[in-house]
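Breakdown of the fold
So the chains spell out like this:
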Amino acid sequence: MEFSYAEPDPYTQFTMAARHRFEKTSDFDARLQDEVRSFPRNERDVIVFVHGFNSTQAETVFRAAQLTYDLETPGATVIYSWPSLGSPLGYAYDADSILFARDGLENLLRHLKKAGANRIVLVAHSMGSMLAMETLRQIEIKSPNWSERNLGGVVLMSPDLDIDVFRSQMRRFEKVPQPFLVLVSRKDTILNLSRRIRDYRCRERLGSLSSLDLVSDMPIDISDTTQFSNNAESGHFVAATSPALLSLFNSARETAEAFQKGNAKLSVNDFLPGTILRTGQVTGVSVTPVATLRR
């Protein structure tokens, strides 16, 4: 991802085209509704992107713009920018910031639905996955089954989440919103470092999952992106920095849309590359590397 603040090349670089501050919430709502209504009725979605550790607001904006452009996502994209220190040495600071930011994300998700979003798709990366899951957990405590009724899907990319913590969060859902997709890579050095920071005896992180044994009973989909990490700019963000994977994501979406026009009950998850496992339908799973398993 290349960006420039002065004399950018619009064909190869991202830059900030404009900055506008909404004085009133109603002004934001009007802008969002105009954006959503510019799409066909069946594509009036709002994607909420939650960034990860060590990410400034500007970097988050450019990354969200890149994903929106490369994946040709329908509808509007809204960024929830929580206060990361924006430093590789700010891990503890960012972990505290996540707890601070939960109420704000809850308010945003609830408001977007009231503002007229057709479907809300929650996409989180790395440590942002902890924020997303903690927020959904507290929403479910207050409003049981809100997530399943109001979310059009959840995507966790390289989630920096302890597996036991993830299980405890998932137990709060009466019904898990679908699709619920987790992108993992066994070559994620950042998540391996995250594990070491805590203690070498800790369980592996959800985003570097090497076995389905601990999540096989949950109604979630796991996509193993390990094979694409070698050509990715970032092994901790393979989904956004592997040209091959981005291309295959688009092909999967186009194929799914073609099947849906023929009334086939298939989703984009059914055509994603790599190992795809619908863990809620897997029984008797032993300790087996994800890469050796097939649906």
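Shown above is the structure to which this text applies.
Okay, so let's go over this structure. Keep in mind that this is a model prediction, so the values were computed, not measured.

1. Concerning the overall build of the chain
Within the chain, the secondary structure is distributed over nine helices and seven strands. Among the 295 residues that make up the chain, the fraction classed as buried is 47%. Accessible surface for the chain amounts to roughly 15200 Å². Of this, 51% is attributable to carbon and sulfur atoms.

2. Structural notes on the packing of helix α3 (residues 91-114) against helix α4 (residues 128-142)
Contact geometry for α3 and α4: axes closest at 9 Å, N-to-C directions at 60 degrees. Here α3 is positioned oblique relative to α4, judged by the angle of their axes. Crossing handedness for the pair α3 and α4: right-handed. Contacts from Ile98, Ala101, Arg102, Asp103, Leu105, Glu106, Leu109 and Arg110 in α3 reach Gly128, Met130, Leu131, Ala132, Glu134, Thr135, Leu136, Gln138, Ile139 and Lys142 in α4. Among the residues forming the contact of α3 with α4, the class breakdown is nine nonpolar, three polar and six charged.

3. So, unusual backbone geometry
Between Gln178 and the following residue, Pro179, the backbone shows a cis peptide bond with an omega angle of -5 degrees. Within the secondary structure layout, Pro179 lies in the loop between α6 (163-170) and β5 (180-184). In this structure, Asn54 is a non-glycine residue whose phi angle is positive, near 55 degrees. Here Asn54 is to be found in the loop between β1 (45-50) and α2 (57-71). Of note in the backbone geometry, Glu72 takes a positive phi value of approximately 50 degrees without being a glycine. Inspection of the secondary structure puts Glu72 in the loop between α2 and β2 (76-80).

4. So, the packing of aromatic side chains
As enumerated under the stated definition, the model contains three aromatic pairs in all. With a centroid separation of 5.7 Å and an interplanar angle of 80 degrees, the aromatic rings of Phe22 and Phe28 are classed as edge-to-face. Look at Phe28 and you get partly exposed, because its relative accessible area is 23%. Seen in terms of ring centroids, Phe53 and Tyr91 are 5.2 Å apart; in terms of plane orientation they differ by 65 degrees. Their pairing is edge-to-face. Of this pair, Phe53 sits in the loop between β1 and α2 while Tyr91 sits in helix α3, and the two are 38 residues apart along the sequence.

5. Focus on the side chain of Asn150
Following the sequence through the fold, Asn150 ends up in helix α5 (residues 146-150). A polar contact is formed between the side chain of Asn150 and the backbone oxygen of Trp146, at a distance of 2.8 Å. Residues in contact with Asn150, not counting those within four places in the same chain, are Lys113 and Ile120.

6. With respect to the pairing of β5
In terms of burial, β5 is a largely internal element, five of the five residues being buried. The side-chain alternation of β5 yields two buried faces, one formed by Phe180, Val182 and Val184 and the other by Leu181 and Leu183. Here four bridges tie strand β4 (residues 151-157) to β5, and the two strands are oriented parallel to one another. Residue pairing in the sheet places Val154 in a bridge with Phe180 of β5. Each parallel crossover has a hand, and for β4 linked through α6 to β5 it is right-handed. In terms of strand pairing, β5 meets strand β6 (residues 221-224) through four bridges, oriented parallel. By the bridge assignment for β6, Leu181 is matched with Asp221.

Scoring rules and cut-offs
Residues numbered from 1 in each chain as written. Predicted model: local features only at pLDDT ≥ 70, side-chain atom pairs only at ≥ 80, totals over all residues. Heavy atoms only, no water. Helix = DSSP H or I, 4+ residues; strand = E, 2+ residues; numbered from the N terminus. Buried < 20%, exposed > 50% of the residue type's maximum accessible area, 1.4 Å probe, protein only. Areas by Shrake-Rupley, 256 points an atom, 1.4 Å probe, with all protein chains shown as cover. Axes fitted to C-alpha atoms, helices over the stretch in contact; angles between N-to-C directions. Parallel < 35°, antiparallel > 145°, perpendicular 65-115°, else oblique. Left-handed = near helix turned anticlockwise from the far one by under 90°. Contact = heavy atoms within 4.5 Å. Nonpolar A, V, L, I, M, F, W, Y, C, P; charged D, E, K, R; others polar. Phe/Tyr/Trp six-rings, centres within 6.5 Å; stacked < 30°, edge-to-face > 60°. Polar contact = N/O pair within 3.5 Å; in protein donor to acceptor, adjacent residues only side chain to side chain. Pairing = 2+ DSSP bridges. Right-handed = clockwise from strand over helix to strand, strands pointing away.

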